[in-house]
Amino acid sequence: MSRSNYAISVSALKKSYHEKEVLKNVSFSVPPGTIYALLGSNGAGKTTTIRILTTQILADSGNAAVAGYDVMRDPEKVREAISLTGQFSAVDEALTGKENLIIMGRLRHIPAPEKTADELLEAFGLTASAEKTAALYSGGMKRKLDIAMSLIGNPRVIFLDEPTTGLDPQSRRSMWEIIRTLKESGVTIFLTTQYLEEAEQLADQIAILDRGILIAEGTADELKSGLAHGAARFLFEDAETRKRAAALLPYCRCSFDPEESGLTVFTDGTADALARIFHTLYQNRIRICHFSEITPDLEDVFFTMITKKEEHNETPNQKSL
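Residues numbered from 1 in each chain as written. Predicted model: local features only at pLDDT ≥ 70, side-chain atom pairs only at ≥ 80, totals over all residues. Heavy atoms only, no water.

### Some words on the overall build of the chain
Right, so step 1: The number of helices and strands found in the chain is twelve helices and 14 strands.
Right, so step 2: Here the chain, with 321 residues, has 46% of them falling under the buried criterion.
Right, so step 3: Considering only contacts within the chain whose residues lie at least 6 apart along the sequence, 70% involve residues at least 24 apart.
Right, so step 4: Surface accessibility of the chain: about 16600 Å² in total, with carbon and sulfur atoms responsible for 49%. (Helix = DSSP H or I, 4+ residues; strand = E, 2+ residues; numbered from the N terminus. Buried < 20%, exposed > 50% of the residue type's maximum accessible area, 1.4 Å probe, protein only. Contact = heavy atoms within 4.5 Å. Areas by Shrake-Rupley, 256 points an atom, 1.4 Å probe, with all protein chains shown as cover.)

### A look at the packing of helix α5 (residues 139-150) against helix α6 (residues 169-184)
Right, so step 1: Across the interface, α5 lies against α6 with an axial gap of 10 Å and an inter-helix angle of 15 degrees. Regarding the angle of α5 to α6, the classification is roughly parallel. You can see that α5 and α6 cross each other, and the crossing is right-handed. On α6, the residues that touch Gly140, Arg143, Lys144 and Ile147 of α5 are Ser171, Ser174, Met175, Ile178 and Leu182.
Right, so step 2: Counted by class, the contact of α5 with α6 contains four nonpolar, three polar and two charged residues. (Axes fitted to C-alpha atoms, helices over the stretch in contact; angles between N-to-C directions. Parallel < 35°, antiparallel > 145°, perpendicular 65-115°, else oblique. Left-handed = near helix turned anticlockwise from the far one by under 90°. Nonpolar A, V, L, I, M, F, W, Y, C, P; charged D, E, K, R; others polar.)

### Section: the sheet that holds strand β8 (residues 188-193)
Backbone hydrogen bonds hold the strands of a sheet together, and the pairing may be parallel or antiparallel.
Right, so step 1: Ordered in space as β6-β7-β8-β3-β9-β10, the six strands form an open sheet in which the pairing is mixed. Of all the strands in the sheet, just β6 (82-85) and β10 (213-218) have a single pairing partner and so form its edges. Taking each pair of neighbouring strands and ignoring which way they run, the sheet shows an average axis angle of 15 degrees.
Right, so step 2: Running at roughly 165 degrees to β6, α5 makes contact with β6 and β7 (157-161) of the sheet.
Right, so step 3: The strands touched by α6 within the sheet are β3 (35-39), β7 and β8, with β8 carrying the most contacts at an inclination of about 150 degrees. (Pairing = 2+ DSSP bridges.)

### Describing the packing of aromatic side chains
Right, so step 1: Here the structure, examined in full by the defined rule, presents eight aromatic pairs.
Right, so step 2: Seen from their ring centres, Phe28 and Phe190 are 5.7 Å apart, and the 25 degrees between their planes marks the pair as stacked. You can see Phe28 sitting in strand β2 (residues 20-30) and its partner Phe190 sitting in strand β8, a full 162 residues away along the chain. Comparing Phe28 with Phe190 shows no difference in burial state: the two are buried.
Right, so step 3: An angle of 40 degrees between the planes, with centres 5.2 Å apart, marks the rings of Phe234 and Phe291 as tilted. Here the residue Phe234 occupies a position in strand β11 (residues 230-235), and Phe291 occupies one in strand β14 (residues 290-294), the gap between them amounting to 57 residues.
Right, so step 4: Each residue in the set Phe28, Tyr36, Phe159 and Phe190 is aromatic and connected to the rest through ring pairs, giving one cluster.
Right, so step 5: The lysine or arginine in question, Arg172, covers the ring of Tyr195, its NZ or CZ lying 3.9 Å from the ring centre.
Right, so step 6: The ring of Tyr251 is capped by Arg276, whose NZ or CZ atom sits 3.6 Å from the centre of that ring. (Phe/Tyr/Trp six-rings, centres within 6.5 Å; stacked < 30°, edge-to-face > 60°. Lys NZ or Arg CZ within 6 Å of the ring centre and 35° of its normal.)

If you want it as structure tokens, here you go:
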């Protein structure tokens, strides 16, 4: 597929603020009619990527095209073809839900903004609250209205920057259904999220961005297949014990959440592999508070990739500390 046939095409994208590199040679492509999820911790570069692709800021170097238009040479064409729902709501809380949609329709110069507003309110289950001021909406309702506003003008590509942040579990799952419905209509969706389950549930392709570098890309199954066939999760008394345990298992691939005292150890799934781990920990008087066997998921992929990258970037002297 040539670059012009992709909904989004990015090549060697770089961006720095002062002397801090935020994006370092990032490249990826998104086929039309798919959901592409960009995962990363805070500060990884996700929002900067979206801001470049939606023409809010310029890249320092590299190339990017959205809906067939170059984001640097044809920003107006890009803006006509896309819509953006950011981390912060664009809803005017002093207006009613319907008034928010009508104003957006007028800004987009669509022929019948009132009719479009009614159709979107019905599609998003907001008809009963159409005449209420948005200040009275729940967080989930405001997010629905925000996305409804982004659909006015029939955009070909929708950017959703952490669309479910701050929502309760029920509202989050409701939002997932809306996103799936948008995909079924043929829209391309570029999604950034910190919720790994969200990416696994929604995305056709997932990329992991860490400190400005794209360190992994593929379907959820492809990313998980890169790990071992089995895994065991150990919980220790504290982070220091977990650190000691990991140091005793250099023959295993491990991952951990830095904020917890748990350690996930990936194995070939055999009893012998587990027995060897237990024997090593027992011999070195490492107390295990809890143990469970698990099937590796996207969270395991994420933490393993981040850990491997950090280890690769360390100098020999740093590793010995």
